[in-house]
Amino acid sequence: MQIADLGDVQLHYRIDGDPDGAPIVFANSLGTDLRVWDAVVDRLPAGLRIIRYDKRGHGLSSCPPAPYSMGALVRDTERLLDHLQVRDCMFVGLSIGGMIAQGLAVKRLDQIRALVLSNSAAKIGTAEMWKERMQTVQSDGIEALAEAVMERWFARGFRATPELQLWRNMLVQQSRDGYAGCCAAIAGTDFYTPTSGLRLPCLGIAGTEDGSTPPDLVRETVDLIPGSQFHLIRRAGHIACVEQPDEYAGRLTAFLRETGHIG
Ligand SMILES: O=C(O)CCC(=O)CC(=O)O
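Residues numbered from 1 in each chain as written. Predicted model: local features only at pLDDT ≥ 70, side-chain atom pairs only at ≥ 80, totals over all residues. Heavy atoms only, no water.

In the nomenclature of an unreviewed UniProt entry, the protein corresponds to 3-oxoadipate enol-lactonase from the organism Leisingera aquaemixtae.

Below, the structure written as structure tokens:
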């Protein structure tokens, strides 16, 4: 376990693979920690420096009081990558992690060479929806949302497996402030204009049964960046990396090859 002390926030991160390899960075979604990538990381080829972290308010990172801004989440990531001396990475962002990826690419193209927007979009939901969710979390806890979240996260078949309980536990064990803080960041984010100006290799990944960021929404965002690719995973919801890790890691590996991160 490793911690980066950035002054106002301490971020928990983990590095696997080859310390001198080409960097690939993973950013998690709302209500998850870096374990959400375990199965994908296990399936990636050798020769990569694989960096994962918990954004503020999630996992083992520190949890400032809500609300958070997207600017703060992007800045945390920027400082973490500077701390780790990461340049020219492939950045894989899941949902809010994909929003962080877009904000970071706009700001620091030296850090990001290729972008994977997984189950993500330039704008997710409405400000009203996020306000309601924040109020529910702050008054009744994350548990009050858990059943509905599981239906958006996972396809029907996966929801019938015993593994579902583990991911539900991960969700409800996140802090209320961390979850609500990130809801506020999503509510205030509309990256359509800045993302339209991006020029870098981009891959969109969507799940056919994603109830949070449906395939058309993901496609609309990646189509803002000329030359982007799009990959649709069947029998997967919002957390496609957990449900279909073979296909997910396979597509990432192909994109790593196409973009010259691995030979
Ligand atoms: O997962 C995210 O980062 C935000 C999108 C969302 O609403 C996920 C969920 O359905 O809980």
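Looking now at the pattern of salt bridges. In this structure the tally under the stated criterion is 19 salt bridges. A salt bridge links R52 to D38, with the shortest nitrogen-to-oxygen separation between them at 2.7 Å. Pair noted here: R52 is in strand β4 (residues 48-53) and D38 is in helix α1 (residues 38-42), with a separation of 14 residues, a long-range link. Residue classification places R52 among the buried residues on the basis of a relative accessible area of 2%. D38 gets classed as partly exposed once you look at its relative accessible area, which sits at 34%. Taking the shortest distance from any N to any O, the salt bridge between R87 and D110 comes out at 3.5 Å. You can see R87 sitting in the loop between α2 (70-83) and β5 (89-94) and its partner D110 sitting in the loop between α3 (96-107) and β6 (112-118), a full 23 residues away along the chain. A network of salt bridges, in which partner residues are shared, links R75, E78, D82, R87, K107, R108 and D110. (Salt bridge = Lys/Arg side-chain N within 4 Å of Asp/Glu carboxyl O. Helix = DSSP H or I, 4+ residues; strand = E, 2+ residues; numbered from the N terminus. Buried < 20%, exposed > 50% of the residue type's maximum accessible area, 1.4 Å probe, protein only.)

Before going further, it helps to spend a moment on the packing of aromatic side chains. One pass over the structure, following the stated rule, counts four aromatic pairs. Aromatic side chains W37 and Y248 sit 6.1 Å apart centroid to centroid with 55 degrees between the ring planes, which places their arrangement in the tilted category. With a gap of 211 residues between them, W37 in the loop between β3 (22-27) and α1 and Y248 in helix α12 (residues 245-258) connect regions that are remote in the sequence. Considered together, W37 and Y248 belong to a single accessibility category, that of buried residues. (Phe/Tyr/Trp six-rings, centres within 6.5 Å; stacked < 30°, edge-to-face > 60°.)

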